[in-house]
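Topology and contacts: notes
What follows is the residue order along each chain.
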Amino acid sequence: MKTDAERFILDNTSVLAPPHVPEIRLHLASEVHDLWLKTEEDLEEIGLPPPFWAFAWAGGQGLARYILDHPETVRGKRVLDFASGSGMVAIAAALSGAAAVVAADIDPWAKSAVRLNAALNGVSIDFTNDDLIGRSVDVDVILAGDVFYDSDFAKALVAWFSATAKDGCLVLVGDPGRSYRPIDNLEPLATYQVPVTRVLEDSEVKKTTVWKFL
C-alpha cells in the first residue's frame, strides 16, 4: 500500500514553531514516538522513508536562526538548501530576502513537506530530488543543516563543499556536534543552545555551531 504523501503529512503532524526559530511554522510530528518509532516494516508498508522532514533538527534550527539574524548572508542571492528535510532553512533564506531558493532532498516525501511548509510561511521555494553531491550548482550560497551523521556521507560532503567553496560559493553548515563533522578548513560563525526533544537526541539542549567552509 502506498500512501499519499501530502495527506499523510497533514494527518500525522501539527503546525508548530521550532523553539529556536519561532518566526517559522512547520508541519512537525507532535507525537514523536508514534511517527518516529514505527518499524522499518511499518514504514515500508506505507511507502514512507524515515521521516526526517517531520522534525526540526538542531543543526537546521541553528542555521535557520543564523540566517534570520544575518539576512545579508542570503539577501538577493541564489540559495541552495541541501538535505532540506522540512524546508526550515530554505524558508529562513526566503524570509531573509534571497532572490531564489532551491530545497534539495533525495527523499520524495520531503517535496510535499517543503511545499506545505513554504505555503504556511508565505514563501516560494523550488525543489529538486536530484543527488547533487559532486555536481556543479549554479548558486551563490549553499546551506546544510545537520548533515554529518554518517561517515561515508560526511566524506563525500566535505569534498564537495570544500571544492564548491574554493570556487567562490559561500557554504554554511549547522552542526550540533555530530560524530563526523570535519575539523579542518572551517570557521565558526555563531554558536547556539538549541532546545530539542529527548526522543531524538541525548539531551534537551544541543550546542549547535554554524560553520563556514573555507
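Structural data are supplied above this passage.
Criteria and cut-off values
- Residues numbered from 1 in each chain as written.
- Predicted model: local features only at pLDDT ≥ 70, side-chain atom pairs only at ≥ 80, totals over all residues.
- Heavy atoms only, no water.
- Core = buried A, V, L, I, M, F, W, Y, C linked by side-chain atoms within 4.5 Å.
- Buried < 20%, exposed > 50% of the residue type's maximum accessible area, 1.4 Å probe, protein only.
- Helix = DSSP H or I, 4+ residues; strand = E, 2+ residues; numbered from the N terminus.
- Contact = heavy atoms within 4.5 Å.
- Pairing = 2+ DSSP bridges.
- Right-handed = clockwise from strand over helix to strand, strands pointing away.
- Salt bridge = Lys/Arg side-chain N within 4 Å of Asp/Glu carboxyl O.
- Axes fitted to C-alpha atoms, helices over the stretch in contact; angles between N-to-C directions.
- Parallel < 35°, antiparallel > 145°, perpendicular 65-115°, else oblique.
- Nonpolar A, V, L, I, M, F, W, Y, C, P; charged D, E, K, R; others polar.
- Expected span 1.5 Å × (residues − 1).

**A few points about the nonpolar core**
Counting 35 residues, the largest nonpolar core has Ile-24, Val-74, Val-79, Val-101, Ile-125 and Leu-143 as the members making the most contacts within it. Where this core is concerned, the elements lending two or more residues are strand S2 (26–28), helix H4 (58–69), helix H5 (88–95), strand S4 (100–104), helix H6 (108–120), strand S6 (141–145) and strand S8 (186–195). Sort the elements by how many residues they give to this core and H5 lands first, with seven residues. Not counting the four nearest positions on each side in its chain, Ile-125 is found in contact with Ala-90, Ile-91, Val-101, Ala-103, Val-114 and Ala-118. One finds Val-139, Ala-154, Ala-165 and Val-173 within the second-largest nonpolar core, a separate group that totals 21 residues.

**Focus on the pairing of S4**
Alignment of strand S3 (residues 78–82) against S4, held across five bridges, turns out to be parallel. Along S4, the bridge assignment pairs Phe-82 with Ala-104. Between S3 and its parallel partner S4, the chain crosses via H5, and the hand of that crossover is right-handed. With three bridges joining them, S4 and strand S5 (residues 126–128) adopt parallel strand pairing. Bridge pairing in S5 links Ala-103 to Phe-127.

**Here's the deal with the pattern of salt bridges**
As enumerated under the stated definition, the model contains eight salt bridges in all. With a shortest N-O distance of 2.8 Å, Arg-115 and Glu-6 are connected by a salt bridge. In this pair, Arg-115 is assigned in helix H6 and Glu-6 in helix H1 (residues 5–12), connecting sequence segments 109 residues apart. Where Arg-7 meets Asp-11, a salt bridge forms, and the shortest distance between an N and an O atom there is 3.1 Å.

**A look at the packing of H4 against H5**
One can describe the packing of H4 onto H5 by two numbers: an axis separation of 9 Å at closest approach and a directional angle of 0 degrees. Between H4 and H5, the angle falls in the class roughly parallel. Together, Gly-60, Gln-61, Leu-63, Ala-64, Ile-67 and Leu-68 of H4 and Met-88, Val-89, Ala-92, Ala-93 and Leu-95 of H5 make up the contact between the two elements. Its residues assigned to classes, the contact of H4 with H5 shows nine nonpolar, two polar and no charged.

**Structural notes on H6**
With 13 residues, H6 extends 19 Å from end C-alpha to end C-alpha; this agrees with the ideal 18 Å at 1.5 Å per step. Residues of H6 that are buried: Trp-109, Ala-110, Ser-112, Ala-113, Val-114, Leu-116, Asn-117 and Ala-118. Buried-residue contacts for H6 involve H1, S2, H5, S4 and S5. One or two residues past the end of H6 sits Gly-122, with phi positive at roughly 65 degrees.

**Quick word on H4**
Since the α-helix turns once every 3.6 residues, residues separated by three or four places project in the same direction. Between its terminal C-alpha atoms H4 stretches 16 Å, which fits the 16 Å expected from twelve residues at 1.5 Å a residue. With eleven of twelve residues buried, H4 is to be regarded as a mostly interior element. Packing partners of the buried residues in H4 comprise H5, S6, strand S7 (170–175), S8 and strand S9 (205–213).

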